[in-house]
Amino acid sequence: MDSKPKFINGNTPTTGSENGSDIDSDIAAPPMPWFGLDIGGTLTKLVYFEPTDINTAEEEGYKEVETLRTIRHYLTSNTAYGKTGIRDVHLTIKQFEIHQRVGNLHFIRFPTNDMHIFLQMVEAKKLSSLADTICSTGGGAFKFEQEFKDVVNMRLEKYDELNCLISGIHYIDSKIPNECYYWSNLDPFNSEACEKVPFDFRDPYPYLVVNIGSGVSILTVHSRHKFQRVSGTSLGGGTFLGLCCLLTGCQTFEEAIEMAASGDSTKVDKLVRDIYGGDYARFGLPGSTVASSFGHMNISEKRDAATKNDLARSTLVTITNNIGSIARMCALNHGIERIVFVGNFLRVNPIAMKLLSYAMEYWSKGALKALFLEHEGYFGAVGALMKLISTKSDQKDKSEPSQFEV
Ligand SMILES: Nc1ncnc2c1ncn2[C@@H]1O[C@H](COP(=O)(O)OP(=O)(O)O)[C@@H](O)[C@H]1O
Ligand SMILES: CC(C)(COP(=O)(O)O)[C@@H](O)C(=O)NCCC(=O)O
C-alpha cells in the first residue's frame, strides 16, 4: 500500500534536511506541486505548499511550467473554489520551511459529497500532467481510488488516517509556536470569562487524542512513533450536524452552531435539580448537571416551549458531553492526564471546547487537562503531505500490531 510515490515529470528533485522531524534529509524532495489530501466522511481537506523561494530557472525546468503556475495562482489568489470549496485563510502558515524549501502552507476544505466537482477542477487545471499521484488519507482515499483513476487518471497513494493524524500533529506542533492551547478561567455560567492560553507541547507524552470528525476515534499516544486506537464512538460531529438538520431544519454546520449559541439547553434537557429539586449531594451531582439529555421532550408543553435554537444547543451539549465522558474514561483507564481534542467538529465551536474543558477539569477534580490545536481538522492532510516529501517511515505502515508506529 505504501510504496514510494512516483512522479511523471522529469525534473531534478531537491534534497533537504529537517531537524527533529520525520523528514529524511537524505531523501530527494519530489517535484512541485506539493499536496496532502485527507478525504474524510464529511469534509475533504487539502493542504498545499506554495513555494515562495522558487526562481524562474527552477520553474523553467518543469516541462509543464504554465500548468504549475496556473495551479499555484488558482489556489493562492482565491479563497473560495466553486460553490463549496473554502480556503481557511486564517490558518495559513507563512514562510514555512519544509525540506529546505520556504513557502506558505495553505489549508483548503470542501464537502466530500462534492468530490465530483473537485475532480472536474483537477481535470480543468491539468494537475495530472504534473504528477500521477496524490498522497492521500482518510476513508475516501480507499472509496474514491477507482474514481480518481477513471476520471483524472491519477493514483491515490493511500496512507492510514490515524498514522497521518499523529504525524501531522507532531509535525505542526514541533514547527509552529502557540499551536497548542487550553481554556482557562473556566466558568460554566460565564463563558465570556474563559480565555485561550498557549500550552507548551514539547514533552506531551503520554497523551490522548480525541479526533472528533464525522465519528470519533480515541488514541493513546506514548511517543512520537507509538500510538494505539483505544476507543471510538459513532456519536460524533456527523451526529450533531445530522440531528440538528433534522430537528431545526438548518442547512449548514455554521448555521447549527449559530443557532446553538443563542439556545438554552435546559429547556430541553432534564437536569438533576429537575428531578431532585436541588443537588444530589450524596454522590456529588450538582443540580445543574444534565440528568437526562432531551429528558423534557416527552412533555408536550415543554416541546411547544422549546425553540429550534434550544434544540440545537441541547444537541450540541448532548454530543459534546458524551464524547467528554468517553474521553475521560479512556484517560482514567490508561493513566493519562492530557487530552488533545481535534477534528472539524471543533471548528468555530467555542461552546464545545469550553464544555469539554470544564467537564475534564470538574469531573477529574483538576487532574485532567483538555488541550486544543489551532489547525484542528487538518492534521491528517498535513500527515499525507509529509508522506509525499518523506518516505523514511513508509515501510512501518505495513505492520499491523496492536500498537502502531507512525
Ligand atoms: N463546513 C462544514 N461542513 C460540514 N461539517 C462541518 C463543517 N465545519 C465543521 N464541521 C463539523 O466537522 C465534522 C467533520 O469533521 P472532520 O474532522 O473534517 O471529519 P471527517 O474527516 O469525518 O470529514 C462534521 O461532522 C461537522 O460536525
Ligand atoms: C470510521 C472513522 C475512523 C472514520 O473517520 P472520520 O471520517 O469520521 O474522521 C470514524 O468515524 C470512527 O472512528 N468512528 C467510530 C467508530 C466506533 O468506534 O464506534
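Residues numbered from 1 in each chain as written. Chains lettered and ligands numbered in written order. Predicted model: local features only at pLDDT ≥ 70, side-chain atom pairs only at ≥ 80, totals over all residues. Heavy atoms only, no water.

## Topic: the side chain of threonine 133
Convention followed: The helix count covers DSSP runs of H or I at least four residues long, the strand count covers runs of E at least two residues long, and both are numbered beginning at the N terminus. What qualifies as a polar contact is a pair of N or O atoms within 3.5 Å, subject to a donor-acceptor requirement within protein and to the restriction that residues adjacent in sequence count only when both atoms come from side chains.
Structurally, the position occupied by threonine 133 is in strand 7 (residues 133-137). Engagement of the side chain of threonine 133 in a polar contact is seen with the side chain of aspartate 132, the distance being 2.7 Å.

## Re the environment of leucine 37
Defined as follows: Each residue is placed in one exposure class: buried if its accessible area under a 1.4 Å probe, protein chains only, is under 20% of its type's maximum, exposed if it is over 50%, and partly exposed if it falls in between. In this analysis, two residues are considered to be in contact whenever any of their non-hydrogen atoms come within 4.5 Å of each other.
Within the fold, leucine 37 resides in strand 1 (residues 34-39). For leucine 37, a relative accessible area of 0% corresponds to the buried category. Each C-alpha atom, one on leucine 37 and one on threonine 137, is 6.3 Å from the other, the two residues being 100 residues apart in sequence. With near-sequence residues (within four places) excluded, leucine 37 lies in contact with Thr44, Lys45, Leu46, Phe118, Ile134, Cys135, Ser136, Thr137, Phe148, Leu156, Ala381 and Ala384.

## As for the site of ligand 1
The line we're drawing: To be near a molecule or strand, a residue needs just one of its heavy atoms within 4 Å of it. Cavity: a set of points on a 1 Å grid over the protein atoms alone where a 1.4 Å probe fits but cannot get out. Pocket: an open set with protein on both sides within 12 Å along at least five of seven lines, its lining residues, like those of a cavity, having an atom within 4 Å of a point. A cavity or pocket is said to hold a molecule if more than half of that molecule's atoms lie within 2 Å of its grid points.
Lining the immediate surroundings of ligand 1 are 18 residues, of which Thr42, Leu43, Lys45, Ser214 and Arg347 lie closest. At 2.6 Å from a nitrogen atom of ligand 1 is found a side-chain nitrogen or oxygen belonging to arginine 347. Put simply, ligand 1 lies in the second largest pocket. Among the secondary structure elements, those contributing two or more residues to the shell around ligand 1 are strand 2 (43-51), helix 7 (237-248) and helix 8 (253-261).

## Considering the site of ligand 2
Short version of the rule: Per-residue accessibility takes into account occlusion by the displayed protein chains alone, with areas from the Shrake-Rupley method and a 1.4 Å probe.
Lining the immediate environment of ligand 2, one finds Gly41, Glu161, Ser214, Gly215, Val216, Ser217, Arg229, Gly232, Thr233 and Ser234. Within the backbone of serine 214, a nitrogen or oxygen atom sits 3.3 Å from an oxygen atom of ligand 2. Contacts to ligand 2 include valine 216, whose backbone N or O atom sits 3.3 Å from an oxygen atom. Its free accessible area being 470 Å², ligand 2 has 63% of it covered by the protein chains. Of the pockets mapped on this structure, ligand 2 occupies the second largest pocket.

## Digging into the nonpolar core
Threshold: Take the buried residues of types Ala, Val, Leu, Ile, Met, Phe, Trp, Tyr and Cys, join any two whose side-chain atoms come within 4.5 Å, and each joined set is a nonpolar core.
Trp34, Leu105, Phe148, Ile169 and Val209 are the most contacted members of the largest nonpolar core, which has 67 residues in total. If one sorts the elements of this core by residue count, helix 13 (residues 379-389) sits on top with eight residues. Once residues within four sequence positions are removed from consideration, isoleucine 169 is found in contact with Phe201, Tyr207, Val209, Val342, Leu373 and Phe379. Core analysis: the next-biggest nonpolar cluster, separate from the first, contains 38 residues, Cys194, Ile212, Met259 and Ala327 among them.

## Structural notes on the layout of surface pockets
Where we set the bar: Grid points are joined across faces, edges and corners, and a volume is the space filled by probe spheres set on the points. All amino acids are sorted into three groups, where Ala, Val, Leu, Ile, Met, Phe, Trp, Tyr, Cys and Pro are nonpolar, Asp, Glu, Lys and Arg are charged, and the leftover types, Gly among them, are polar.
For the largest pocket, the calculated volume is near 1,100 Å³. Put simply, the parts of the chain that give the lining of the largest pocket at least two residues each are helix 11 (308-333) and helix 12 (350-363). For the lining of the largest pocket, the element with the highest residue contribution is helix 12, accounting for nine residues. Residue composition of the lining of the largest pocket, by class: 16 nonpolar, 13 polar and eight charged. Here the second largest pocket is characterised by a volume of approximately 880 Å³. Together, 39 residues line the second largest pocket, and Thr42, Leu43, Lys45, Ser214 and Asn344 are the ones closest to its centre. Of all the secondary-structure elements, those providing two or more residues to the lining of the second largest pocket are strand 2, strand 6 (101-111), helix 6 (161-175), strand 11 (207-212), strand 12 (216-223), helix 7 and helix 8.

## Quick notes on the packing of aromatic side chains
Two aromatic rings are characterised by how far apart their centres lie and by the angle between their planes. For the record, the criterion: In this analysis, rings of Phe, Tyr and Trp, with Trp reduced to its six-membered ring, are considered paired at centre separations within 6.5 Å, and the interplanar angle assigns stacked below 30 degrees, edge-to-face beyond 60, and tilted for intermediate values. Note on geometry: a ring has a charge over it if NZ (lysine) or CZ (arginine) is within 6 Å of the ring centre and within 35 degrees of the ring normal.
The tally for this structure, following the rule as stated, stands at 19 aromatic pairs. Taking 6.3 Å as the distance between ring centres and 85 degrees as the angle between the ring planes, the aromatic pair formed by tyrosine 182 and phenylalanine 199 counts as edge-to-face. Taken together, the residues span a long stretch of sequence, with tyrosine 182 in strand 9 (residues 180-184) and phenylalanine 199 in the loop between strand 10 (195-198) and strand 11 at a distance of 17 residues. Taken together, the ring pairs connect Tyr181, Trp183, Phe341 and Phe372 into an aromatic cluster. Sitting above the plane of the tyrosine 181 ring, lysine 196 keeps its charged end 4.3 Å from the centroid.

## Regarding helix 11
Using the following cut-off: Here, expected helix span is obtained from the residue count minus one, scaled by 1.5 Å.
Look at helix 11: 38 Å from first C-alpha to last across 26 residues, which is about the 38 Å you get at 1.5 Å a residue. Where helix 11 ends, the next residue or the one after it, glycine 335, has phi of about 60 degrees, a positive value.

## So, unusual backbone geometry
A cis amide bond links methionine 32 with the next residue in sequence, proline 33, at an omega value of 5 degrees. Tracing the chain through its elements places proline 33 in the segment before strand 1. Positive phi outside glycine occurs at glutamine 95, with the angle close to 50 degrees. With respect to the helices and strands, the residue glutamine 95 is situated in strand 5 (residues 93-98). Despite not being glycine, asparagine 178 has its phi angle at roughly 65 degrees, a positive value. By the element assignment, asparagine 178 lies in the loop between helix 6 and strand 9.

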